[in-house]
Amino acid sequence: MSREDFQSDQEVRWCPGCGDYAILSTVQRLLPDLGVDKENVVFISGIGCAGRFPYYMDTYGMHGIHGRAPAIATGLKTSNPELDVWVVTGDGDALSIGGNHLIHVLRRNLDTQILLFNNEIYGLTKGQYSPTSDAGTVSKSTPYGSVDRPFNPVSVALGADASFVARTMDRDPQHMKAMMRAAHDHDGTGFLEIYQNCNIFNDGAFFEFTERETKDERALFLEHGEPMTFANGTRGIRLDTLQPEVIDLEADDWSVDDCLVHDETSQELGTILGRMSWQDDDGDPIPRLDETGTQLPRPFGVIHRTERPTYAERVHQQIDTVTAEQGDGDLDALLRSGETWTIE
(Lines give C-alpha, C1' and ligand atoms only; values in the text may rest on other atoms or scores of the structure.)
Protein backbone atom coordinates (compact mmCIF):
# COMPACT_ATOMS: atom_id res chain seq x y z
CA MET A 1 0.00 0.00 0.00
CA SER A 2 0.95 3.65 -0.42
CA ARG A 3 -0.13 7.03 0.87
CA GLU A 4 -2.73 7.23 -1.90
CA ASP A 5 -4.49 4.14 -0.55
CA PHE A 6 -5.40 6.10 2.58
CA GLN A 7 -6.53 9.30 0.86
CA SER A 8 -10.31 9.65 0.62
CA ASP A 9 -12.17 11.31 -2.24
CA GLN A 10 -13.17 14.23 -0.01
CA GLU A 11 -11.80 17.70 -0.63
CA VAL A 12 -9.53 18.71 2.25
CA ARG A 13 -11.08 21.88 3.59
CA TRP A 14 -8.73 23.36 6.15
CA CYS A 15 -7.43 26.89 5.80
CA PRO A 16 -4.49 27.17 3.38
CA GLY A 17 -1.27 26.94 5.37
CA CYS A 18 -2.84 25.12 8.34
CA GLY A 19 -0.57 22.70 10.18
CA ASP A 20 -3.27 20.03 9.92
CA TYR A 21 -2.19 19.33 6.34
CA ALA A 22 1.26 18.21 7.51
CA ILE A 23 -0.23 15.97 10.19
CA LEU A 24 -2.68 14.38 7.73
CA SER A 25 0.09 13.76 5.20
CA THR A 26 2.33 12.22 7.85
CA VAL A 27 -0.38 9.82 9.03
CA GLN A 28 -1.13 8.77 5.46
CA ARG A 29 2.57 8.13 4.82
CA LEU A 30 2.96 6.17 8.06
CA LEU A 31 0.03 3.76 7.77
CA PRO A 32 1.39 1.73 4.82
CA ASP A 33 4.50 0.96 6.92
CA LEU A 34 2.60 -0.38 9.94
CA GLY A 35 1.50 -3.66 8.44
CA VAL A 36 -2.10 -3.26 9.62
CA ASP A 37 -4.92 -4.42 7.35
CA LYS A 38 -6.65 -1.34 6.02
CA GLU A 39 -10.09 -2.65 6.90
CA ASN A 40 -9.04 -2.79 10.57
CA VAL A 41 -8.03 0.88 10.80
CA VAL A 42 -10.46 3.34 12.42
CA PHE A 43 -10.16 7.08 13.05
CA ILE A 44 -12.44 8.72 15.61
CA SER A 45 -12.66 12.45 16.22
CA GLY A 46 -14.60 14.99 18.20
CA ILE A 47 -15.45 18.60 17.33
CA GLY A 48 -13.05 21.21 16.01
CA CYS A 49 -10.82 21.64 12.98
CA ALA A 50 -9.19 18.30 13.81
CA GLY A 51 -12.65 16.72 13.83
CA ARG A 52 -12.70 16.58 10.03
CA PHE A 53 -9.76 14.16 9.99
CA PRO A 54 -11.82 10.95 9.48
CA TYR A 55 -13.39 12.41 6.31
CA TYR A 56 -9.97 12.65 4.69
CA MET A 57 -8.88 9.10 5.55
CA ASP A 58 -9.97 6.22 3.30
CA THR A 59 -10.53 4.02 6.35
CA TYR A 60 -13.39 3.41 8.73
CA GLY A 61 -14.07 6.38 10.95
CA MET A 62 -16.53 8.36 13.01
CA HIS A 63 -16.93 12.08 13.56
CA GLY A 64 -18.16 12.05 17.14
CA ILE A 65 -19.63 14.74 19.35
CA HIS A 66 -17.67 17.29 21.32
CA GLY A 67 -15.07 15.71 23.62
CA ARG A 68 -16.48 12.18 23.40
CA ALA A 69 -14.03 10.56 20.98
CA PRO A 70 -12.23 8.68 23.83
CA ALA A 71 -15.55 7.21 25.01
CA ILE A 72 -16.44 6.03 21.50
CA ALA A 73 -12.94 4.61 21.05
CA THR A 74 -13.21 2.76 24.36
CA GLY A 75 -16.39 1.00 23.35
CA LEU A 76 -15.09 0.14 19.91
CA LYS A 77 -11.66 -1.15 20.97
CA THR A 78 -13.04 -3.11 23.93
CA SER A 79 -15.67 -4.86 21.83
CA ASN A 80 -13.21 -5.58 19.00
CA PRO A 81 -9.58 -5.54 20.20
CA GLU A 82 -8.32 -6.46 16.73
CA LEU A 83 -9.10 -2.98 15.42
CA ASP A 84 -6.37 -0.33 15.14
CA VAL A 85 -8.10 2.67 16.70
CA TRP A 86 -6.83 6.26 16.43
CA VAL A 87 -8.30 9.25 18.25
CA VAL A 88 -7.84 12.68 16.66
CA THR A 89 -8.65 15.67 18.84
CA GLY A 90 -7.70 19.28 19.54
CA ASP A 91 -6.74 21.21 22.64
CA GLY A 92 -10.28 22.54 23.04
CA ASP A 93 -12.04 19.26 22.26
CA ALA A 94 -9.78 17.15 24.51
CA LEU A 95 -9.06 19.48 27.41
CA SER A 96 -12.28 21.44 27.81
CA ILE A 97 -15.57 19.55 27.40
CA GLY A 98 -13.63 16.33 26.79
CA GLY A 99 -11.28 16.63 29.74
CA ASN A 100 -13.09 14.03 31.81
CA HIS A 101 -13.09 11.49 28.98
CA LEU A 102 -9.41 12.12 28.25
CA ILE A 103 -8.14 11.45 31.77
CA HIS A 104 -10.14 8.24 32.07
CA VAL A 105 -9.04 6.76 28.75
CA LEU A 106 -5.45 7.48 29.81
CA ARG A 107 -5.73 5.86 33.23
CA ARG A 108 -7.51 2.84 31.78
CA ASN A 109 -4.71 2.34 29.25
CA LEU A 110 -6.91 1.64 26.26
CA ASP A 111 -4.75 0.39 23.38
CA THR A 112 -5.24 3.38 21.09
CA GLN A 113 -3.30 6.33 19.73
CA ILE A 114 -4.42 9.83 20.73
CA LEU A 115 -3.19 12.63 18.47
CA LEU A 116 -3.83 15.93 20.25
CA PHE A 117 -3.47 18.88 17.87
CA ASN A 118 -2.49 21.80 20.11
CA ASN A 119 -2.67 25.25 18.54
CA GLU A 120 -3.59 27.09 21.76
CA ILE A 121 -6.78 28.54 20.25
CA TYR A 122 -10.29 27.61 19.13
CA GLY A 123 -9.95 27.69 15.35
CA LEU A 124 -13.22 26.23 14.08
CA THR A 125 -15.33 28.73 16.02
CA LYS A 126 -13.09 31.57 14.85
CA GLY A 127 -10.50 32.44 17.42
CA GLN A 128 -11.63 32.18 21.03
CA TYR A 129 -9.07 31.33 23.68
CA SER A 130 -8.70 27.64 24.59
CA PRO A 131 -7.62 25.68 27.68
CA THR A 132 -3.99 25.84 26.47
CA SER A 133 -3.89 29.54 25.55
CA ASP A 134 -1.25 31.53 27.40
CA ALA A 135 -2.31 33.82 30.21
CA GLY A 136 -2.95 37.24 28.74
CA THR A 137 -4.02 35.91 25.34
CA VAL A 138 -6.13 38.51 23.55
CA SER A 139 -8.88 36.78 21.59
CA LYS A 140 -12.48 37.30 20.51
CA SER A 141 -13.66 35.89 23.84
CA THR A 142 -10.95 37.59 25.93
CA PRO A 143 -10.52 41.07 24.42
CA TYR A 144 -8.58 42.28 27.47
CA GLY A 145 -6.49 39.14 27.82
CA SER A 146 -7.16 35.74 29.33
CA VAL A 147 -6.84 35.52 33.09
CA ASP A 148 -6.88 31.70 33.08
CA ARG A 149 -3.83 29.61 33.85
CA PRO A 150 -3.41 27.30 30.83
CA PHE A 151 -3.33 23.52 30.84
CA ASN A 152 -0.07 21.75 30.07
CA PRO A 153 -1.25 18.71 28.03
CA VAL A 154 1.82 16.63 28.88
CA SER A 155 1.39 17.27 32.60
CA VAL A 156 -2.31 16.43 32.36
CA ALA A 157 -1.48 13.11 30.69
CA LEU A 158 1.22 12.26 33.22
CA GLY A 159 -1.10 13.18 36.07
CA ALA A 160 -3.69 10.78 34.65
CA ASP A 161 -1.06 8.01 34.79
CA ALA A 162 -0.75 7.67 31.02
CA SER A 163 1.57 4.85 29.98
CA PHE A 164 2.97 6.70 26.94
CA VAL A 165 3.41 10.47 26.65
CA ALA A 166 5.26 12.23 23.83
CA ARG A 167 5.45 15.62 22.12
CA THR A 168 6.24 16.58 18.54
CA MET A 169 5.62 19.41 16.04
CA ASP A 170 3.88 19.81 12.70
CA ARG A 171 6.94 21.42 11.10
CA ASP A 172 9.21 18.41 11.60
CA PRO A 173 7.49 15.62 9.63
CA GLN A 174 10.25 13.06 10.20
CA HIS A 175 10.17 13.49 13.97
CA MET A 176 6.37 13.54 13.92
CA LYS A 177 6.27 10.29 11.95
CA ALA A 178 8.72 8.65 14.36
CA MET A 179 6.61 9.69 17.36
CA MET A 180 3.41 8.43 15.72
CA ARG A 181 5.08 5.09 15.07
CA ALA A 182 6.31 4.93 18.67
CA ALA A 183 2.80 5.67 19.96
CA HIS A 184 1.38 2.99 17.66
CA ASP A 185 3.95 0.38 18.69
CA HIS A 186 3.14 0.96 22.36
CA ASP A 187 0.68 -1.48 23.94
CA GLY A 188 -1.64 0.93 25.65
CA THR A 189 -2.75 4.52 25.23
CA GLY A 190 -0.20 6.39 23.13
CA PHE A 191 -0.72 10.10 23.94
CA LEU A 192 1.01 12.39 21.45
CA GLU A 193 0.79 16.17 21.74
CA ILE A 194 1.45 17.83 18.38
CA TYR A 195 2.31 21.52 18.21
CA GLN A 196 0.14 22.62 15.30
CA ASN A 197 0.23 26.13 13.89
CA CYS A 198 -3.08 27.91 13.33
CA ASN A 199 -1.93 30.52 10.83
CA ILE A 200 -5.27 32.34 10.89
CA PHE A 201 -6.02 32.88 14.57
CA ASN A 202 -2.78 32.12 16.42
CA ASP A 203 0.03 32.25 13.90
CA GLY A 204 3.51 31.65 15.29
CA ALA A 205 2.49 30.32 18.70
CA PHE A 206 5.31 27.74 18.56
CA PHE A 207 7.72 29.34 16.09
CA GLU A 208 10.47 29.65 18.69
CA PHE A 209 10.55 25.83 18.85
CA THR A 210 9.79 24.99 15.22
CA GLU A 211 11.59 27.55 13.03
CA ARG A 212 15.09 27.07 11.71
CA GLU A 213 16.41 30.33 13.20
CA THR A 214 15.59 29.38 16.81
CA LYS A 215 14.84 25.64 16.83
CA ASP A 216 18.36 24.50 17.76
CA GLU A 217 18.43 26.79 20.79
CA ARG A 218 14.87 26.22 22.00
CA ALA A 219 14.04 22.57 21.25
CA LEU A 220 15.50 19.60 23.13
CA PHE A 221 15.03 16.31 21.31
CA LEU A 222 14.97 13.39 23.74
CA GLU A 223 16.39 9.93 23.09
CA HIS A 224 16.15 7.12 25.61
CA GLY A 225 19.53 6.35 27.21
CA GLU A 226 21.21 9.38 25.64
CA PRO A 227 22.50 12.55 27.35
CA MET A 228 20.30 15.61 26.95
CA THR A 229 22.13 18.01 24.65
CA PHE A 230 20.93 20.70 22.27
CA ALA A 231 22.20 23.68 20.27
CA ASN A 232 24.21 21.33 18.04
CA GLY A 233 25.77 19.66 21.05
CA THR A 234 27.13 22.85 22.57
CA ARG A 235 24.74 22.90 25.53
CA GLY A 236 23.27 20.33 27.84
CA ILE A 237 20.82 19.82 30.69
CA ARG A 238 21.78 18.78 34.20
CA LEU A 239 19.75 18.50 37.38
CA ASP A 240 20.53 20.65 40.39
CA THR A 241 18.49 18.71 42.98
CA LEU A 242 15.14 18.69 41.10
CA GLN A 243 15.74 21.84 39.07
CA PRO A 244 16.95 21.43 35.45
CA GLU A 245 19.56 23.90 34.32
CA VAL A 246 21.48 24.63 31.13
CA ILE A 247 25.21 23.97 31.06
CA ASP A 248 27.73 25.19 28.48
CA LEU A 249 29.54 22.17 27.00
CA GLU A 250 32.08 24.38 25.26
CA ALA A 251 33.35 25.70 28.59
CA ASP A 252 35.94 23.89 30.66
CA ASP A 253 33.62 23.40 33.63
CA TRP A 254 31.24 20.89 32.01
CA SER A 255 31.24 17.95 29.62
CA VAL A 256 28.63 15.67 28.10
CA ASP A 257 29.25 13.29 31.02
CA ASP A 258 27.64 15.88 33.29
CA CYS A 259 24.43 15.92 31.28
CA LEU A 260 21.23 14.29 32.44
CA VAL A 261 20.63 10.98 30.65
CA HIS A 262 17.06 10.48 29.47
CA ASP A 263 15.17 7.57 30.99
CA GLU A 264 11.71 7.37 29.46
CA THR A 265 10.69 4.71 32.00
CA SER A 266 11.01 7.17 34.91
CA GLN A 267 7.73 8.87 35.71
CA GLU A 268 9.52 11.25 38.09
CA LEU A 269 11.85 12.42 35.34
CA GLY A 270 8.90 12.66 32.97
CA THR A 271 7.17 15.01 35.40
CA ILE A 272 10.21 17.28 35.48
CA LEU A 273 10.58 17.26 31.70
CA GLY A 274 6.87 17.83 31.16
CA ARG A 275 7.02 21.12 33.03
CA MET A 276 10.45 22.20 31.82
CA SER A 277 10.33 25.44 29.84
CA TRP A 278 6.60 25.79 30.27
CA GLN A 279 5.74 28.34 32.96
CA ASP A 280 7.49 29.96 35.88
CA ASP A 281 6.16 29.41 39.39
CA ASP A 282 4.61 32.89 39.42
CA GLY A 283 2.66 32.17 36.24
CA ASP A 284 4.78 34.25 33.89
CA PRO A 285 4.36 33.13 30.30
CA ILE A 286 6.89 30.92 28.54
CA PRO A 287 9.78 30.73 27.79
CA ARG A 288 11.05 29.79 31.23
CA LEU A 289 14.51 30.74 32.49
CA ASP A 290 16.76 28.64 34.68
CA GLU A 291 18.60 30.08 37.68
CA THR A 292 21.44 31.40 35.49
CA GLY A 293 19.06 33.41 33.32
CA THR A 294 19.47 31.04 30.37
CA GLN A 295 16.36 29.89 28.55
CA LEU A 296 15.54 26.24 29.14
CA PRO A 297 14.68 24.38 25.92
CA ARG A 298 11.32 22.64 25.38
CA PRO A 299 11.53 18.80 25.37
CA PHE A 300 10.27 16.88 22.32
CA GLY A 301 10.15 13.12 21.92
CA VAL A 302 9.00 10.31 24.18
CA ILE A 303 8.79 11.88 27.62
CA HIS A 304 7.50 8.83 29.46
CA ARG A 305 6.72 5.22 28.58
CA THR A 306 5.84 2.26 30.76
CA GLU A 307 4.32 -1.15 30.10
CA ARG A 308 1.20 -2.45 31.81
CA PRO A 309 -1.87 -4.47 30.77
CA THR A 310 -4.33 -2.74 28.49
CA TYR A 311 -7.97 -2.09 29.30
CA ALA A 312 -9.33 -4.54 26.71
CA GLU A 313 -6.95 -7.26 27.94
CA ARG A 314 -8.22 -6.91 31.48
CA VAL A 315 -11.88 -6.83 30.43
CA HIS A 316 -11.60 -9.96 28.29
CA GLN A 317 -9.54 -11.77 30.93
CA GLN A 318 -12.29 -11.03 33.43
CA ILE A 319 -14.95 -12.30 31.02
CA ASP A 320 -13.00 -15.50 30.40
CA THR A 321 -12.52 -16.08 34.14
CA VAL A 322 -16.20 -15.59 34.97
CA THR A 323 -17.27 -17.75 32.02
CA ALA A 324 -14.94 -20.53 33.14
CA GLU A 325 -16.40 -20.41 36.65
CA GLN A 326 -20.08 -19.97 35.81
CA GLY A 327 -20.41 -21.27 32.26
CA ASP A 328 -21.77 -19.56 29.18
CA GLY A 329 -24.50 -17.09 29.86
CA ASP A 330 -28.11 -17.58 28.76
CA LEU A 331 -29.64 -14.24 27.86
CA ASP A 332 -33.17 -15.61 27.57
CA ALA A 333 -32.93 -17.24 30.99
CA LEU A 334 -31.59 -14.00 32.46
CA LEU A 335 -34.46 -11.99 31.05
CA ARG A 336 -36.99 -14.44 32.51
CA SER A 337 -35.36 -14.85 35.91
CA GLY A 338 -36.52 -13.28 39.16
CA GLU A 339 -39.86 -11.50 39.31
CA THR A 340 -41.23 -11.14 35.80
CA TRP A 341 -44.66 -10.45 34.42
CA THR A 342 -46.37 -10.45 31.07
CA ILE A 343 -48.34 -7.49 29.72
CA GLU A 344 -51.21 -8.55 27.44
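Residues numbered from 1 in each chain as written. Predicted model: local features only at pLDDT ≥ 70, side-chain atom pairs only at ≥ 80, totals over all residues. Heavy atoms only, no water.

(A) How the structure looks around helix 2 (residues 69-79). Among all positions in helix 2, only A69, P70, A73, T74, K77 and T78 are buried. Each buried residue of helix 2 sits inside an arc of 145 degrees when the element is viewed along its axis, so together they form one side. (Buried < 20%, exposed > 50% of the residue type's maximum accessible area, 1.4 Å probe, protein only. Helix = DSSP H or I, 4+ residues; strand = E, 2+ residues; numbered from the N terminus. Arc of directions from axis to C-beta.)

(B) Layout of the packing of aromatic side chains. Here the structure, examined in full by the defined rule, presents eleven aromatic pairs. Ring geometry for W14 and F53: centres 6.4 Å apart, planes at 40 degrees, overall tilted. One end of the pair, W14, is in the segment before helix 1 (20-30); the other, F53, is in the loop between strand 1 (41-45) and strand 2 (60-63), with 39 residues separating them in the sequence. The class for F53 is buried, based on a relative accessible area of 0%. Seen in terms of ring centroids, F43 and F53 are 5.7 Å apart; in terms of plane orientation they differ by 35 degrees. Their pairing is tilted. Of this pair, F43 sits in strand 1 while F53 sits in the loop between strand 1 and strand 2, and the two are ten residues apart along the sequence. Each member of the pair, F43 as well as F53, is classed as buried. Counting every residue linked through ring pairs, the aromatic cluster contains W14, Y21, F43, F53, Y56, W86 and F117. Here the basic side chain of R52 rests over the ring of Y55, its NZ or CZ set 5.0 Å away from the ring centre. (Phe/Tyr/Trp six-rings, centres within 6.5 Å; stacked < 30°, edge-to-face > 60°. Lys NZ or Arg CZ within 6 Å of the ring centre and 35° of its normal.)

(C) Region of the structure containing a nonpolar patch on the surface. Judged by side-chain polarity, L331, L334 and L335 come together as a nonpolar surface patch covering roughly 360 Å² of accessible area. With respect to the element layout, L334 can be found in helix 11 (residues 331-335). When its relative accessible area of 57% is taken as the criterion, L334 is described as exposed. (Patch = residues over 30% accessible without salt bridge, like charges linked within 9 Å, V, L, I, M, F, W, Y side chains within 5 Å. Areas by Shrake-Rupley, 256 points an atom, 1.4 Å probe, with all protein chains shown as cover. Salt bridge = Lys/Arg side-chain N within 4 Å of Asp/Glu carboxyl O.)

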